[in-house]
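# Close look at the chain arrangement
Read off the chains here:
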Amino acid sequence: MIRLENLRKRYPGAEIDVLRGIDLVVEDHDFLSLVGRSGSGKTTLLNIIGGLDRAFEGEGCIAGLDLRALADAEISDFRNRVVGHVFQAYHLLDHLTCGENVALAALFTRGETRRDASWIRSRADELLDAVGLPGAGARRPSTLSGGERQRIAIARALFNRPQILLCDEPTGNLDIETGREVVDLLSTLHREHEVTIIAATHDEGIAAASQRVLRLRDGCLDDGHGGER
Amino acid sequence: MIGRGWARTVIADLVRHWRHFAAASVGIVLGVAALTFFLALGFQVREILLVRVFPADHLEVAPKAADLDLFALRIDLGRDALDAAAIEALASIDGVTVVYPKMRLTVPALASGGGGLLGSEMQTEIVADGIDPALVAEEVGTAFREVDGGQSSVRCTRDADCGGDAYCGRVAGNSERVCRPFIPVLVSPYVVELYNGAFRRAYDLPKLNPDALVGLTFEMAFGASTFRPAAGPPIRERMRFVGVSNMAIPLGVTLPLGHVRRLNMVLDSPAAGERYHSAILEIGDPDLLPQVVNGVEKLGLEVRDRGVRRAAFVTAIVIAVLGLVGIVLIAVAAAHIMHVFYLVVMVRRREIGLLRAVGARRTDIRRLLVSEAAAVGLAAGLVGVAAGVAAGAVADRLAASRLPDFPFKPESFFDFSPWLLASVIVLAVAACVLGALPPAHRAAAGDPAEALAGR
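These numbers come from a predicted model, not from an experiment. (Residues numbered from 1 in each chain as written. Chains lettered and ligands numbered in written order. Predicted model: local features only at pLDDT ≥ 70, side-chain atom pairs only at ≥ 80, totals over all residues.)

## Observations concerning the overall build of chain A
Along its length, chain A carries seven helices and 10 strands. For chain A, buried positions account for 50% of its 229 residues. Counting contacts in chain A only where the partners sit at least 6 residues apart, residues at least 24 apart contribute 69% of the total. (Helix = DSSP H or I, 4+ residues; strand = E, 2+ residues; numbered from the N terminus. Buried ≥ 20, exposed ≤ 12 C-beta atoms within 10 Å, placed from the backbone. Contact = placed C-beta atoms within 7 Å.)

Right, dumping it as structure tokens:
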């Protein structure tokens, strides 16, 4: 479960808060869309939930963990196992194969959940199948289309079976048709993998596919547009 | 970051950014090459000076000179010899393990022979001294030993009758030929070097291989001189050259101590057989050298170091200066590495942000960059060492073809010992790692969200 209370965030040098007293509860296996204009704070909110940005005020408790209280090793493990990130710009590493990109999180997995090389390869292949790119493990990301790259990025985010999938404009760089395929993929993954999905988006398709839509306006959640679907 | 994936990631990053890293490693390569070249040169020069020219594990001690120059003459006012009490006092100095007294031959001598080797017989005045065979036992073995020079009763007509260690000759005052032992002699490497470097050129003689000289025989007439008539009948003996030793008299021949003592007593006086002209001190620990020198000076004696202390000081200074030059070059290169890694970190900012997003800890990022720097240092160190060794080989070839022969001219002017090469490579790795630490720290400390946003 995600629980945010009176969350505030101001970037260094900025005169106003980008997030102004966000209160939010997201139950497990929810599919939530965050909509709003550019600069409304969607990405910032995702970064805070994903443990990428811990310079905020207020309470942020994700999966029972107080994000601001975690040491670097603990927050890194949180990012490694609890959340998965999907970015608008994919952020794939072109010098690695698609399979290696998918398994990137395995490099930083420690302790009992660390797996051997054959399990990692098998898991990467399984995820490539799940995102509709079977056999793409040996290819380089640079040889793929935008939609295919985003599928690889989604597979990468799911590698360690995270509880929460955070998608920041996942269809922002894609054409309508390809974007619809990615939305369908997210819906399928949500259904089949029972993962909580929070997507920051301008895409009506994603909003339509989600269970809840929350609108961010000038750093505040707009209750007039948020609600159950 | 753990496991094989780490190594693969490091290699992939090195390949991906090879231009940056190649540019960064140029300075390291040059610094390592210079350091390798200069240190190998310095160590080899030190080896030649302190082991071959001025051996430092033994110290020669003699009575302190107190000379007075009077026109063309130099009058010796000091004592000229060491007695048994002085030898005993030297043995009691801390750090001295053994004392080997040396005795000069106090009568003139003539050496003749060498026809088989040089093409014509030579005769020369020669000086000689005697040392305890135990002093050179490790160096030349048992061939240099005391022999019984007394009257032999084995009559003979030719050398073959006497076996390998003796020859057929007459004893003074006796017309019968009897088997007499060859007297073993040593010469100093100075003699061989002086001959090969200068003497042979003046007389158009062949260059000699010191090892091949072993077994060469020649005759010596003790008590004979071309300068003045002999006081009595000389003692003629045949000598056999048994080796080259730093312990031998620098110019002349060295005989077993007991033989010189007998010659001095017979041809000079009984007292001449009791006076030692110097002593060799064997020092167990070279670090105790200053302490031993102090002890010797307290006894009113002086150390004939033949330049060993100056040589040690000069070579230490030269090695330190040359090493410093190389280290400064490497330090400058490390600063260059730092700048290049700052650039690399900036270029890879999003990538580092992504690694943080998928679970990399700050230590993982630091280790990744430091590992890359270490790999760059290792590669640059290997290339630099290879360049240094190659430069040394070129210098040796030039020295062999362009430099004239001179005493102790080595076959190689460089001592590329494995530990030197390994140390220089380790230094290169350390320099790169140190250079990469500040940018690695900055990269690890960065905010992943900002890095992903490219801010």
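From this point on, the discussion continues.
## As for the overall build of chain B
Looking only at helices and strands, chain B features 13 helices and 15 strands. Of all intrachain contacts in chain B linking residues separated by at least 6 positions in sequence, the fraction that spans at least 24 positions is 80%.

## Some remarks on the interface of chain B and chain A
Contact with chain B, which involves 22 residues of that partner, is made by 23 residues of chain A. For the side of chain B that touches chain A, the elements supplying multiple residues, two or more each, are helix 1 (4-16), helix 10 (349-357), helix 11 (362-402) and helix 13 (448-453) of chain B. Counting residues per element, the side of chain B that touches chain A draws most heavily on helix 1 of chain B, which supplies six residues. Among the residues making up the side of chain B that touches chain A, the classes are represented as 11 nonpolar, three polar and eight charged. (Nonpolar A, V, L, I, M, F, W, Y, C, P; charged D, E, K, R; others polar.)

## Examining the nonpolar core
Residue and element names in this part refer to chain B. Residues I28, V32, I330, I337, A428, C432 and A436 are the most contacted members of the largest nonpolar core, which totals 123 residues. Aside from chain neighbours lying at most four places away, what touches A428 is I28, V32, I330, G377, A380, G381 and G384. In terms of nonpolar packing, the next biggest core, distinct from the first, is built from 57 residues, M103, F144, V185 and L267 among them. (Core = buried A, V, L, I, M, F, W, Y, C linked by C-beta atoms within 7 Å.)

## Observations regarding the packing of helix 11 of chain B against helix 12 (residues 418-445) of chain B
All names here are of chain B. Across the interface, helix 11 lies against helix 12 with an axial gap of 7 Å and an inter-helix angle of 150°. Here helix 12 runs roughly antiparallel to helix 11, going by the angle between their axes. By crossing handedness, the relation of helix 11 to helix 12 is classed as right-handed. Counted by class, the contact of helix 11 with helix 12 contains 25 nonpolar, five polar and two charged residues. (Axes fitted to C-alpha atoms, helices over the stretch in contact; angles between N-to-C directions. Parallel < 35°, antiparallel > 145°, perpendicular 65-115°, else oblique. Left-handed = near helix turned anticlockwise from the far one by under 90°.)

## Let's talk about the packing of helix 5 (residues 146-157) of chain A against helix 6 (residues 176-193) of chain A
Helix-helix packing is described using two parameters, namely the angle between the two axes and the distance between the axes. Residue and element names in this part refer to chain A. With their axes 9 Å apart at the nearest point, helix 5 and helix 6 run at an angle of 20° to one another. In terms of their interaxial angle, helix 5 and helix 6 are classed as roughly parallel. The two elements helix 5 and helix 6 meet at a crossing, and its hand is right-handed. Residues G146, G147, Q150, R151 and I154 of helix 5 form the contact with helix 6, whose participating residues are T178, E181, V182 and L185. Within the contact of helix 5 with helix 6, the residues separate by chemical class into three nonpolar, four polar and two charged.

## Things to note about helix 5 of chain A
All names here are of chain A. A rise of 1.5 Å per residue sets the reference length of helix 5, with its 12 residues, at 16 Å; its end C-alpha atoms lie 17 Å apart and thus fit the reference within 8%. Along helix 5, 11 of the 12 residues are buried, which leaves the element largely enclosed by surrounding structure. On its buried side, helix 5 packs onto strand 6 (83-86), helix 3 (98-102), helix 4 (117-130), strand 7 (164-168) and helix 6. (Expected span 1.5 Å × (residues − 1).)

## Brief notes about the confidence of the model for chain A
Caution applies to low-pLDDT regions: their predicted coordinates should not be interpreted in detail. Residues and elements named next belong to chain A. Here chain A averages 87 in pLDDT, while 97% of its residues score no lower than 70. Summarising per-element confidence for chain A, the mean pLDDT is lowest in strand 10 (residues 220-228) (58) and highest in helix 3 (93). Counting contacts from residues 224-229, a segment whose pLDDT is below 50, to residues more than four positions away or on other chains yields nine contacts. (pLDDT = per-residue confidence, 0-100.)

## Quick word on unusual backbone geometry
Residues and elements named next belong to chain A. Not every positive phi belongs to a glycine, and H29 is a case in point at roughly 65°. On the secondary structure map, H29 appears in the loop between strand 2 (19-26) and strand 3 (31-35). Not every positive phi belongs to a glycine, and Y90 is a case in point at roughly 65°. Along the chain, Y90 falls in the loop between strand 6 and helix 3. Owing to 21 C-beta atoms within 10 Å, Y90 belongs among the buried residues under this scheme.

## What to know about the sheet that holds strand 5 (residues 65-66) of chain A
Residue and element names in this part refer to chain A. Across the sheet, four strands lie side by side as 2-1-4-5; this open sheet has antiparallel pairing. What marks the edges here is a single partner per strand, and that holds for strand 2 and strand 5. Strand direction decides the pairing type here: strand 1 (residues 2-9) and strand 2, joined by six bridges, are antiparallel. Paired with L4 across the strands is L24, a residue of strand 2. With respect to the sheet, helix 1 (residues 42-49) is in contact with strand 1, strand 2 and strand 4 (57-62), its orientation differing from that of strand 1 by roughly 125°. (Pairing = 2+ DSSP bridges.)

## Topic: the environment of F38 of chain B
Residues and elements named next belong to chain B. Structurally, the position occupied by F38 is in helix 2 (residues 18-53). On the basis of neighbour count, F38 is assigned to the buried category, with 21 C-beta atoms found within 10 Å. Between the alpha carbons of F38 and L322 there is a distance of 5.7 Å; along the sequence they are 284 residues apart. With residues near it in sequence (within four places) discarded, F38 still touches L322, G323, V325 and G326.

## Quick notes on the environment of R115 of chain A
Its place among the elements puts R115 of chain A in the loop between helix 3 and helix 4. Residues contacting R115 of chain A, with those up to four places away along its chain left out, are A106 and I120 of chain A.

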